[in-house]
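Topology and contacts: notes
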Amino acid sequence: MSATTSKKIPISFEFFPTKTEEGAQKLAQHALNLAAYQPEFFSVTYGAGGSTKDRTLDTVLTTQSKTNIATAPHLSCVGDSREQLRELLNFYRSKDITRIVALRGDLPSGMGRDIGELRYANELVEFIREETGDHFHIEVAAYPESHPQAPNFETDLENFQRKVNAGADSAITQYFFNPDSYFYFVERVRAMGIDVPIVPGIMPITNYSRLARFSDACGAEMPRWVRKQLEAYGDDVGSIKKFGEEVISRLCERLIEGGAPALHFYTLNQSASCEAICNNLQIGSK
């Protein structure tokens, strides 16, 4: 494909905490591989109700220490008390963490109605600002194809506006495959007077069954032609990855040409496909 994009667009990569020492070692290597592209930051997910709290802490600190890349913990409010959240915020400040991804989070199974003191992401953003002032750059989530639990698109836009009004600095979107959904979302929120950067979330295609399951669960519409081609490849992992890299590279190209301020990659703790896409687009500094 032709490289028409700029090397200067900021990029970032998301990881999730691993459960084993072997997994942690592999993740550390993938992080080093991606650090070569000089991302603006890494982020690390956090299980709702603190279900991955310690592993998230360890992954954030290890990644930032080994790569010298700013690393942002995800922080969700569901299931945590104000005091628990306050302790986490103070801990992160003490470790020179300066960016947080603030999310509502999903209630883990078995927690019943114990949802914590803060119920929505806008309340979490407001709490972070009250506790820490402007110390943290706060990212929030955006949903170009609407949050799967929102009753309609208009309500979801209003919910997004609440998060921004509460003090969010920028937003990262749920992944999508149709760039027009992103451009329409940005157009709508700009018309509402929201001017924070809205960064597209990018999901590399490496495994069809897993991606289809993720997409159905989170409401990300996978184009029929993409599904059909992936189905045709069956268990041919090489063809799936090659096709996926081409599809996602073209998606990113459209987004950059259309004015996206940055790209945020959901790595699934792998680096090869992200590296290939960045190489295709000639972005990053490797």
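Fair warning: this is a prediction, and the values are worked out from it, not measured in the lab.

Regarding the sheet that holds strand E1 (residues 11–15)
Spatially, eight strands are ordered E1-E2-E3-E4-E5-E6-E7-E8 in a closed barrel, and the strand pairing comes out parallel. Pairs of neighbouring strands in the sheet enclose a mean axial angle of 30 degrees, with direction left out of account. In this structure, E1 lies alongside strand E2 (residues 41–44), joined through four bridges in parallel fashion. Residue pairing across strands places phenylalanine 15 opposite valine 44, the latter belonging to E2. Packing against the sheet, helix H3 (residues 82–94) makes contact with strand E3 (71–76) and strand E4 (99–103), and its axis sits at approximately 175 degrees to E3. Each of strand E5 (137–142), strand E6 (170–175) and strand E7 (198–202) is contacted by helix H5 (residues 153–165), which is oriented at about 180 degrees to E5, the strand it contacts most.

Considerations on the confidence of the model for the protein
Here the protein shows a mean pLDDT of 90. Residues at 70 or above account for 92%. Every residue in residues 1–6 is under pLDDT 50, and counting partners more than four places away or in other chains gives 18 contacts.

Quick notes on helix H6 (residues 179–191)
An α-helix turns once every 3.6 residues. As a result, residues three or four positions apart point the same way. For H6, with 13 residues, the first-to-last C-alpha span of 19 Å sits near the 18 Å given by 1.5 Å per residue. All of the buried residues along H6 are Pro179, Ser181, Tyr182, Phe185, Val186 and Val189. End-on, the buried residues of H6 take up no more than an arc of 160 degrees, which puts them together on one face. Counted as exposed and oriented over 90 degrees from the buried face of H6: Glu187 and Ala191. At its buried positions, H6 is contacted by E5, H5, E6, E7 and helix H9 (237–257). With a side-chain oxygen lying 3.0 Å from the backbone nitrogen of aspartate 180, the N-terminal cap of H6 falls on asparagine 178. Directly after H6, the chain includes glycine 193, whose backbone phi takes a positive value near 90 degrees.

A closer look at the pairing of E7
The buried fraction of E7 is high, at five of five residues. Burial of the side chains of E7 extends over both faces: Ile198, Pro200 and Ile202 are buried on one face and Val199 and Gly201 on the other. Direction of pairing for E6 relative to E7: parallel, over a ladder of three bridges. In the strand pairing of E7, isoleucine 172 is matched with valine 199. Handedness of the β-α-β unit built from E6, H6 and E7 comes out right-handed. Where E7 lies against strand E8 (residues 263–266), two bridges are found, and the strand directions are parallel. Residue pairing across strands places glycine 201 opposite histidine 264, the latter belonging to E8.

Procedures and definitions
- Every chain begins its residue count from 1, and numbering advances along the sequence as written.
- Reporting of local features is limited, given that this is a predicted model, to residues whose pLDDT is at least 70; pairs of side-chain atoms are given and counted only at 80 or more, and all residues count toward the totals for whole chains, interfaces and linings.
- Computation of side-chain values: all heavy atoms of the structure, hydrogens and water removed.
- Following DSSP output, two strands are said to pair if at least two bridges run between them.
- Helix numbers and strand numbers start at the N terminus; a helix is a DSSP run of H or I with at least 4 residues, a strand a run of E with at least 2.
- To obtain each axis, a line is fitted to C-alpha atoms, and for helices this fit is confined to the stretch in contact; angles are then taken between N-to-C directions over 0 to 180 degrees.
- Note on contacts: a residue pair qualifies if any of its non-hydrogen atoms lie within 4.5 Å across the two residues.
- Predictor confidence is given residue by residue as pLDDT, running from a minimum of 0 to a maximum of 100.
- A helix's residues, less one, multiplied by 1.5 Å, set its expected span.
- Burial here depends on accessible area, computed with a 1.4 Å probe over protein chains only, as a share of the maximum for the residue type. Under 20% is buried, over 50% is exposed, and the range in between is partly exposed.
- Relevant arc is that of directions from the helix axis to the C-beta atoms, nothing else.
- Counting of polar contacts relies on pairs of N or O atoms within 3.5 Å, with two restrictions inside protein: one atom must be capable of donating a hydrogen and the other of accepting it, and residues adjacent in sequence are counted only when both atoms are side-chain atoms.
- Here a crossover is taken to be right-handed if, once the strands point away from the viewer, the path from the first strand over the helix to the second is traced clockwise.

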